[in-house]
Amino acid sequence: MKLSDRGFTLSELLLAAAILVFALTGLLLFFVNSIILNETNRNFTLAYSAIEAKMEEIKNTNFDNLDALNGTDFDLDGFSTSNGQGRIEVSDEATDLKRIKIVACFKSRNRLIGDDIDNCQSSPAELVTFIIR
C-alpha cells in the first residue's frame, strides 16, 4: 500500500472545510439580504396600494372641494399608525387645473422610507396627477 492511497491528510480536510464554511456563509448572507429586500419591497407595494386607493377617493371628490384636502395626513392601510403616514398636497396649476400629489412615508425594518413620518413631504413612494374641472 502506497502512502498516497491512505486518504486525505488533515491539512487537506481542514482546507476543504474552510472553503465549505466560506461558501455557506456567503450563501447565508445572500438569503438574509434577500429576505430583507423582500420585506422592504412588500412595504413599498403596500404603500403604493394605499396611496393609489387614496388617489381614487380624491378623484371622486368635487373639484371645488379639493383645496380643503391640501396638507391632509392619513394613515396608510396595511401599516400601524406609527409606521405609515400619507400626505396630500393640492396646488393650483391654472384656473381649472389642480395638481394632486400624494406622498407615503413608512418604516421598514426600523428604517424610515421618506423624510419624516410626522411631516411626510418627500418619499420614493409618491403619486402625482392633475385634475381638471
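Residues numbered from 1 in each chain as written. Predicted model: local features only at pLDDT ≥ 70, side-chain atom pairs only at ≥ 80, totals over all residues. Heavy atoms only, no water.

A. Here's a closer look at the side chain of Lys98. Looking at where Lys98 falls in the secondary structure, it is placed in strand S3 (residues 97–108). At 2.9 Å, the side chain of Lys98 forms a polar contact with the side chain of Asp67. For Lys98, the side chain forms a polar contact with the side chain of Asp92, separated by 2.5 Å. (Helix = DSSP H or I, 4+ residues; strand = E, 2+ residues; numbered from the N terminus. Polar contact = N/O pair within 3.5 Å; in protein donor to acceptor, adjacent residues only side chain to side chain.)

B. Seen up close, unusual backbone geometry. The residue Arg109 is not glycine, and still its phi comes out positive at about 55°. As for its position among the elements, Arg109 is in the loop between S3 and strand S4 (111–113). Look at Asn110: it is not a glycine, yet its phi comes out positive at around 60°. Position of Asn110 among the secondary structure elements: in the loop between S3 and S4.

C. Seen up close, the confidence of the model for the protein chain. Confidence in the prediction for the protein chain averages 89 pLDDT; 96% of positions are at 70 or higher. Averaged over each element, pLDDT in the protein chain is lowest for S4 (85) and highest for helix H1 (residues 10–59) (94). (pLDDT = per-residue confidence, 0-100.)

D. Broad picture of the nonpolar core. Formed by 19 residues in total, the largest nonpolar core has its most connected members in Leu76, Ile100 and Ile102. Elements supplying a minimum of two residues to this core: H1, strand S2 (84–94), S3 and strand S5 (125–132). Ranked by the residues each element gives to this core, the list is headed by H1, at five residues. (Core = buried A, V, L, I, M, F, W, Y, C linked by side-chain atoms within 4.5 Å. Buried < 20%, exposed > 50% of the residue type's maximum accessible area, 1.4 Å probe, protein only.)

E. Highlighting the pairing of S3. The buried fraction of S3 amounts to nine of the 12 residues, a majority that puts the element mostly inside the structure. Note: S3 against S5, eight bridges, orientation antiparallel. Its bridge partner lying in S5, Ile102 is registered against Leu127. Two strands pair when backbone bridges link them, and S3 and S4 are joined in this way by three bridges, in the antiparallel orientation. Note that in S4 the partner of Ser108 across the bridge is Arg111. (Pairing = 2+ DSSP bridges.)

F. Molecular detail of the environment of Asn70. Of note, Asn70 is situated in the loop between H1 and strand S1 (73–75). With 30 residues separating them along the chain, Asn70 and Ile100 place their C-alpha atoms 8.7 Å apart. Among residues more than four places away in sequence, those in contact with Asn70 are Ile88, Glu89 and Val90. (Contact = heavy atoms within 4.5 Å.)

G. Up close: H1. Its 50 residues give H1 an end-to-end C-alpha distance of 73 Å, which sits within 8% of 74 Å, the value for a rise of 1.5 Å per residue. Turning to H1, its buried residues number three or more, namely Thr40, Asn43, Ala47, Ala50, Ile51, Lys54, Met55 and Ile58. (Expected span 1.5 Å × (residues − 1).)

H. Examining the environment of Arg87 more closely. For Arg87, the position within the fold is in strand S2. By relative accessible area, which is 14% here, Arg87 ends up buried. With 42 residues separating them along the chain, Arg87 and Thr129 place their C-alpha atoms 14 Å apart. Residue contacts for Arg87: discarding those within four places in its chain leaves Gly71, Thr72, Asp73, Phe74, Lys101, Ile102, Val103, Asn119, Cys120 and Gln121. In terms of polar contacts, Arg87 uses its side chain to reach the backbone carbonyl oxygen of Gly71, at 3.5 Å.

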